[in-house]
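Here's the letter readout for the chains.
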Amino acid sequence: MDVITSNPALLANAEKFRPYVGRRVRTVVKVNRFEGGNLHCQAPDGPHIVVRQVPRNEEFTQFVEVIGVVEGDTALRAEICTNFGDRFDLEQFSKLCDMANGSYRDIFMLRRRGQDFLASNK
Amino acid sequence: MSSDFGADGGSLFGGGGFIPTQSTGLNENAFSPGGATKKASYQSLIPVTVKQLSSAILEPSDEKFYIDGQESHNITLVGMVFGKKENFTDVSFMLDDFTGKIEVKKWIDGQDSEELVELRNIRNGIYVRIYGQLRSFQGKKNVVALSVRPIKQFDEVTFHFLEAIYVHAYNLKSQGVTVGSKSSASTRVMFSAHPALPVTPNPSANMRSNISSQYMAPASVPVGCNSMNECQNRVQALFDEPANLVMEQGLHVDEVARRTAGFTKQQVKEAIDHLANEGFIYATIDEDHYNKSTYNSF
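Everything quoted here is computed from the prediction, not taken from an experiment.

Peer 1: Go over the overall build of chain A, please, and point to the residues and values.
Peer 2: What chain A contains, in helices and strands, is one helix and six strands. Starting at the N terminus, the α and β elements of chain A follow one another as β-β-β-β-β-β-α. In chain A, buried positions account for 49% of the 122 residues. Contacts in chain A between residues at least 24 apart in sequence constitute 51% of all its contacts with a sequence separation of at least 6. Within the structure as shown, chain A displays about 5,800 Å² of accessible surface, and the carbon and sulfur contribution to it stands at 42%.

Structural data, given as structure tokens:
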């Protein structure tokens, strides 16, 4: 494939973690503390979540983008972490997540014919 | 040939950078003083996701890409750099915005150029903003970048996706398609072209005629329908032009359709019928020729 769309990371709030368990997502979190290899942080829509397998030697800014696989309602397993600085509008990002999973998901993810690529929104 | 970024740049891009081309049939542009009758060719700059690029259709007749039914001139992307390669004449990398990955190439002038120094700052794993054009080479899509810039303030990432959503919704609305209707299977078929499907001849015309057959049936479409109004406005503007009033027999419908890019002939014919019923124009020598009504007290 010239344009590879096979492994997208879906923009997600914490509320999307349950329907997206096992899927690759991307989100931006506000870091509370880094403890024992886990990042304890706040998801864009507010809930406290834990990100596992975070690279240890990183110095984190206040906001970090995490791309990884959802493991549970409040748990992510990180693949890529990117520092997003100390100034970031998390509320806007949360609204973007809502829109990207709602009416405008067409431009973010491929629809398989006959079924949605993502789990149904509950 | 290319658009004037100098003289007209201020007015064209002053508002925000995304300008619909005339082919979309939009004649209202708050930032363009000339309005619908301006002859200058607009070159749009649209924010996109890589997923949209994967769905872009290459029209065989003019070898141009169409995204959301609009001819794609310049595009802008935001994503992460992977697999960067520095070659003698160019720098290339994969751009991953996590809706998909696409190859990006930036040609460089020479090994001593300043831009090569700047490009050396682009490392794998950083977010960049790309301005460029969608191209096809040996059947594979790629982006030729005109500008590659690292992102410093990450609100730009949020902004880019929000802008892409806005432009996408705007373009679809101008074509009379409702965004977000889950039951709209027709939308899905038209605008989420699966990469495995072969490119049909004249796909953008097909898209529009599909729209017209599904949405433009006169019985089912209310008069206030957005796209039909746009078409009527464009046709009426054409009849308003003094140059077109010179000939007594007026304009032929084919001529009107040809000069109203972005709408099918069927749509233009319906617009002409509507305008004739309202009294703005009248048939002259036969049903195919129309001229503007002189006494307009509407």
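That was the structure; now back to the text.
Peer 1: Could you give an account of the overall build of chain B, naming the residues involved and the relevant values?
Peer 2: In terms of helices and strands, chain B carries ten helices and twelve strands. Considering chain B as a whole, with its 298 residues, one finds that 49% of them fall into the buried category. Taking as baseline every contact in chain B between residues at least 6 positions apart, the subset at least 24 positions apart corresponds to 58%. Accessible surface for chain B amounts to roughly 14,500 Å². Of this, 53% is attributable to carbon and sulfur atoms.

Peer 1: Please provide a residue-by-residue account of the pairing of strand β6 (residues 90-96) of chain B, values included.
Peer 2: Residue and element names in this part refer to chain B. Counting buried positions along β6 gives six out of seven residues, so the element sits mostly inside the fold. Note that strand β5 (residues 74-86) and β6 share five bridges and pair antiparallel. Each bridged residue has a counterpart across the sheet, and for K85 the counterpart in β6 is S92. Joining the antiparallel neighbours β6 and strand β7 (residues 101-107) is a turn of four residues, in which F98 adopts a positive phi near 65°.

Peer 1: Go over the pattern of salt bridges with me, naming the residues and quoting the values.
Peer 2: The full count for this structure, using the stated rule, is 18 salt bridges over all chains. A salt bridge links R26(A) to E65(A); the shortest N-O distance between them is 3.1 Å. Of this pair, R26(A) sits in strand β2 (residues 24-35) while E65(A) sits in strand β5 (residues 63-72), and the two are 39 residues apart along the sequence. By the burial criterion, R26(A) is buried, and E65(A) matches it. Residue D240(B) is joined to K292(B) by a salt bridge in which the shortest nitrogen-to-oxygen separation is 3.2 Å. Of the two residues, D240(B) is situated in helix α7 (residues 226-240) and K292(B) in strand β12 (residues 289-292); the sequence distance between them amounts to 52 residues. The exposure class of D240(B) is partly exposed, given its relative accessible area of 38%. The structure contains a network of salt bridges with shared partners spanning R52(A), E71(A) and R77(A).

Peer 1: I'd love a proper account of the sheet that holds strand β11 (residues 281-283) of chain B, names of residues and values included.
Peer 2: The strand order β10-β12-β11 (chain B) describes an open sheet built from three strands, whose pairing is antiparallel. Single-partner strands in this sheet number two, and they are β10 (251-252) and β11 of chain B.

Peer 1: A description of the environment of S44(B) should follow, citing residues and the corresponding values.
Peer 2: Its place among the elements puts S44(B) in the loop between α1 (9-13) and β1 (45-47). Distance in space between the C-alpha atoms of S44(B) and E71(B) is 8.3 Å, their sequence separation being 27 residues.

Peer 1: Describe the packing of aromatic side chains, listing the residues and the values that go with them.
Peer 2: The tally for this structure, following the rule as stated, stands at nine aromatic pairs over all chains. Plain terms: the ring middles of F34(A) and F60(A) are 5.6 Å apart, the flat faces sit at 70° to each other, and that makes the pair edge-to-face. Placement of the pair is F34(A) in strand β2 and F60(A) in the loop between β4 (48-52) and β5, with a sequence separation of 26 residues. Among the aromatic residues, those joined into a cluster by ring pairs are F63(A), F84(A), F88(A), F93(A), Y127(B) and F154(B).

Peer 1: Please give an account of the side chain of Q267(B) that cites residues and values.
Peer 2: Residues and elements named next belong to chain B. With respect to the secondary-structure elements, Q267 resides in helix α10 (residues 265-278). Residue Q267 is classed as buried on the basis of its relative accessible area, which comes to 4%. Among the polar contacts listed, one links the side chain of Q267 to the backbone nitrogen of T264, at a separation of 3.0 Å.

Peer 1: Describe the sheet that holds strand β2 (residues 57-59) of chain B, with residues and values.
Peer 2: The strand order β2-β3-β4 (chain B) describes an open sheet built from three strands, whose pairing is antiparallel. In this open sheet, the two edge strands, each paired with only one partner strand, are β2 and β4 (70-71) of chain B.

Peer 1: Describe the interface of chain B and chain A, and please don't skip the residues or the numbers.
Peer 2: In this assembly, 36 residues from chain B lie in contact with 35 residues from chain A. Where chain B abuts chain A, roughly 3,200 Å² becomes buried across the two surfaces, and 66% of that area is made up of carbon and sulfur atoms. Applying the counting rule to chain B against chain A returns zero salt bridges. Across the contact surface, chain B and chain A share seven residue pairs in polar contact (both at pLDDT 80 or more). For the side of chain B that touches chain A, the secondary-structure elements that each account for two or more residues are α2 (50-55), β5, β7, β9 (140-150) and α4 (155-174) of chain B. Examining the composition of the side of chain B that touches chain A, we find that nine residues originate from one element, α4(B), more than from any other. Of the residues assigned to the side of chain B that touches chain A, the class counts are 17 nonpolar, eleven polar and eight charged.

Peer 1: Give a description of the pairing of β9(B) that names residues and reports values.
Peer 2: All names here are of chain B. Here β7 pairs with β9 via two bridges, running parallel. If you follow V104 over to β9, its bridge partner there is V143. Pairing between strand β8 (residues 127-137) and β9: ten bridges, direction antiparallel. Bridged to F137 within β9 is K140. With antiparallel pairing between neighbouring strands as the criterion, β8 and β9 make up a hairpin whose turn holds two residues, including Q138 at a positive phi of roughly 55°.

Peer 1: Account for α10(B), with residues named and values stated.
Peer 2: All names here are of chain B. With 14 residues, α10 should reach 20 Å at 1.5 Å per residue; the first-to-last C-alpha distance of 20 Å fits that figure. Along α10, the positions that sit buried rather than exposed are Q267, V268, E270, A271, I272 and L275. Of the residues trailing α10, G279 is marked for its positive phi of about 100°.

About the criteria used
- Residues numbered from 1 in each chain as written.
- Chains lettered and ligands numbered in written order.
- Predicted model: local features only at pLDDT ≥ 70, side-chain atom pairs only at ≥ 80, totals over all residues.
- Heavy atoms only, no water.
- Helix = DSSP H or I, 4+ residues; strand = E, 2+ residues; numbered from the N terminus.
- Buried < 20%, exposed > 50% of the residue type's maximum accessible area, 1.4 Å probe, protein only.
- Contact = heavy atoms within 4.5 Å.
- Areas by Shrake-Rupley, 256 points an atom, 1.4 Å probe, with all protein chains shown as cover.
- Pairing = 2+ DSSP bridges.
- Salt bridge = Lys/Arg side-chain N within 4 Å of Asp/Glu carboxyl O.
- Phe/Tyr/Trp six-rings, centres within 6.5 Å; stacked < 30°, edge-to-face > 60°.
- Polar contact = N/O pair within 3.5 Å; in protein donor to acceptor, adjacent residues only side chain to side chain.
- Buried area = accessible area lost by both parts, 1.4 Å probe.
- Nonpolar A, V, L, I, M, F, W, Y, C, P; charged D, E, K, R; others polar.
- Expected span 1.5 Å × (residues − 1).

Read these as layout, nothing more, since geometry by itself doesn't imply function.
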